[in-house]
Amino acid sequence: MSIIKLMTDDYNKVDDLERVINYVLRNREQDEECVFWTGLGVNTDSVENVISDMRTVKRFHNKTDGKQLWHLVVNIYRYKSVQSRKEYLAKRETEFSYCRLIGYDVCSLLFNKGFQNVFAIHEDSEYLHLHFVINSVSYINGNHIRNAFSFEKELQSYLKDNYQNLKWRSKW
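The structure displayed is predicted, hence computed values, not measured ones.

How each quantity is defined
- Residues numbered from 1 in each chain as written.
- Predicted model: local features only at pLDDT ≥ 70, side-chain atom pairs only at ≥ 80, totals over all residues.
- Heavy atoms only, no water.
- Helix = DSSP H or I, 4+ residues; strand = E, 2+ residues; numbered from the N terminus.
- Rg over C-alpha atoms; globule rule 2.2 N^0.38 Å.
- Buried < 20%, exposed > 50% of the residue type's maximum accessible area, 1.4 Å probe, protein only.
- Contact = heavy atoms within 4.5 Å.
- Areas by Shrake-Rupley, 256 points an atom, 1.4 Å probe, with all protein chains shown as cover.
- Lys, Arg positive; Asp, Glu negative; His and termini not counted.
- Charge placed at Lys NZ, Arg CZ, Asp CG, Glu CD.
- Phe/Tyr/Trp six-rings, centres within 6.5 Å; stacked < 30°, edge-to-face > 60°.
- Lys NZ or Arg CZ within 6 Å of the ring centre and 35° of its normal.
- Core = buried A, V, L, I, M, F, W, Y, C linked by side-chain atoms within 4.5 Å.
- Pairing = 2+ DSSP bridges.
- Salt bridge = Lys/Arg side-chain N within 4 Å of Asp/Glu carboxyl O.
- Expected span 1.5 Å × (residues − 1).
- Arc of directions from axis to C-beta.
- Polar contact = N/O pair within 3.5 Å; in protein donor to acceptor, adjacent residues only side chain to side chain.

Any chance you could break down the overall build of the protein for me, citing the residues and the numbers?
When helices and strands are tallied, the protein shows 4 helices and 5 strands. For the protein, the α and β elements follow one another from N to C terminus as β-α-β-α-β-α-β-β-α. What you see for the protein is a C-alpha radius of gyration of 16 Å, in line with the 16 Å of a compact globule of 172 residues. With respect to the three principal axes, the spread of C-alpha positions in the protein is 55 × 35 × 25 Å. Burial analysis of the protein (172 residues in total) assigns 44% to the buried set. Considering only intrachain contacts with a sequence separation of at least 6, the fraction spanning at least 24 residues in the protein is 73%. Accessible surface for the protein amounts to roughly 9,200 Å². Of this, 49% is attributable to carbon and sulfur atoms. Separation of charge centres in the protein, based on 24 positive and 23 negative side chains, amounts to 6 Å.

Written out as structure tokens, the structure reads:
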């Protein structure tokens, strides 16, 4: 089943932003587990630029303390009925393209709501999955996401409505 989960860690330490971004955006040249990453509202030339750009927004709005980020994970259901390596490679490419489409879609949604964010596609588990790191401070007005539960439900509804062909877990 496809699942969306907003991670429940506090992420209140100043180094949490760097730690989580480094985990999510693992070196794409050396790590086969992170197969793709990009973002909106940040310079994606390097992981260091992503971290610096998010910290700049926090400093600009004088909100360097408290929650540093939101971490969202979306597991994409993988079909298991692969008969040959050729079929596996074809399905993998389709799944990867679809996963990237979902990533760009959610990334754009978050950016249009005023939040810098990056996403990465990981392949280090049974599921192809996306990680999103979302700046806790809006670049538009410095506001925070106030209600994590509502935020998660809104994203779940959006994905369930727009990607109905994925087998979403019916109980959130």
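Give me the packing of aromatic side chains: which residues, what numbers.
Inspection of every chain in the model, using the stated rule, returns 8 aromatic pairs. For the pair Phe 36 and Tyr 104, a centre-to-centre distance of 6.0 Å together with 65° between the ring planes defines the contact as edge-to-face. With a gap of 68 residues between them, Phe 36 in strand β2 (residues 34–40) and Tyr 104 in helix α3 (residues 85–112) connect regions that are remote in the sequence. Residue class for Tyr 104 comes out partly exposed when judged on its relative accessible area of 40%. Through a chain of ring-to-ring contacts, three or more aromatic side chains come together here, namely Phe 36, Phe 96, Tyr 104, Phe 119 and Phe 132. Over the ring of Trp 70 we find Lys 67; its NZ or CZ atom is 4.3 Å from the centre of that ring. Sitting above the plane of the Phe 36 ring, Arg 100 keeps its charged end 5.5 Å from the centroid.

So what about the environment of Phe 151? Which residues, and what values?
Assignment of secondary structure puts Phe 151 in helix α4 (residues 148–162). Dropping the residues within four chain positions of it, Phe 151 is found in contact with Leu 6, Leu 110, Ile 134 and Ile 145.

So, the nonpolar core: which residues are in play, and what are the values?
One recurring pattern in soluble globular proteins is that nonpolar side chains are buried together. Leu 72, Val 74, Leu 130 and Phe 132 are the most contacted members of the largest nonpolar core, which totals 28 residues. Secondary-structure elements contributing two or more residues to this core are β1 (3–6), β3 (69–76), α3, β4 (117–122), β5 (128–135) and α4. The contacts of Leu 130, once residues within four sequence positions are left out, are Leu 72, Val 73, Val 74, Ile 76, Cys 99, Ile 102, Gly 103, Phe 119, Ala 120 and Ile 121. If you look at the next biggest cluster of nonpolar residues, it comprises 17 residues, including Leu 17, Cys 34, Val 50 and Ala 120.

Could you give me a rundown of the pairing of β2, with the residues and numbers involved?
Burial analysis of β2 places 5 of its 7 residues in the buried class, which makes it a mostly covered element. Pairing between β2 and β4: 6 bridges, direction antiparallel. Each residue of the ladder has a partner; that of Trp 37, found in β4, is Ala 120.

I'd like a description of the pattern of salt bridges, backed by residues and values.
Where charged atoms from two side chains of opposite charge come close, those side chains can pair. Applying the stated criterion to the full structure yields 3 salt bridges. One salt bridge connects Glu 18 with Arg 55, and the closest N-O pair in it is separated by 3.7 Å. On the criterion of sequence distance, the pair formed by Glu 18 in helix α1 (residues 16–24) and Arg 55 in helix α2 (residues 47–60) is long-range, its members being 37 residues apart. With relative accessibility at 36%, the residue Glu 18 sits in the partly exposed group. Arg 55 gets classed as partly exposed once you look at its relative accessible area, which sits at 25%. We note a salt bridge from Lys 113 to Glu 154, for which the minimum N-O separation is 2.6 Å.

Could you give me a rundown of α4, with the residues and numbers involved?
In this model α4 runs 21 Å from its N-terminal to its C-terminal C-alpha over 15 residues, within 8% of the 21 Å that 1.5 Å per residue would give. Along α4, the residues that are buried comprise Phe 151, Glu 152, Leu 155, Gln 156 and Leu 159. Buried residues of α4 fall within an arc of 130° about the axis and therefore sit on the same side. In α4, the exposed residues that point more than 90 degrees away from the buried face are Phe 149 and Asp 161. Between a side-chain oxygen at the N-terminus of α4 and the backbone nitrogen of Phe 149 the separation is 3.0 Å; the capping residue is Asn 147.

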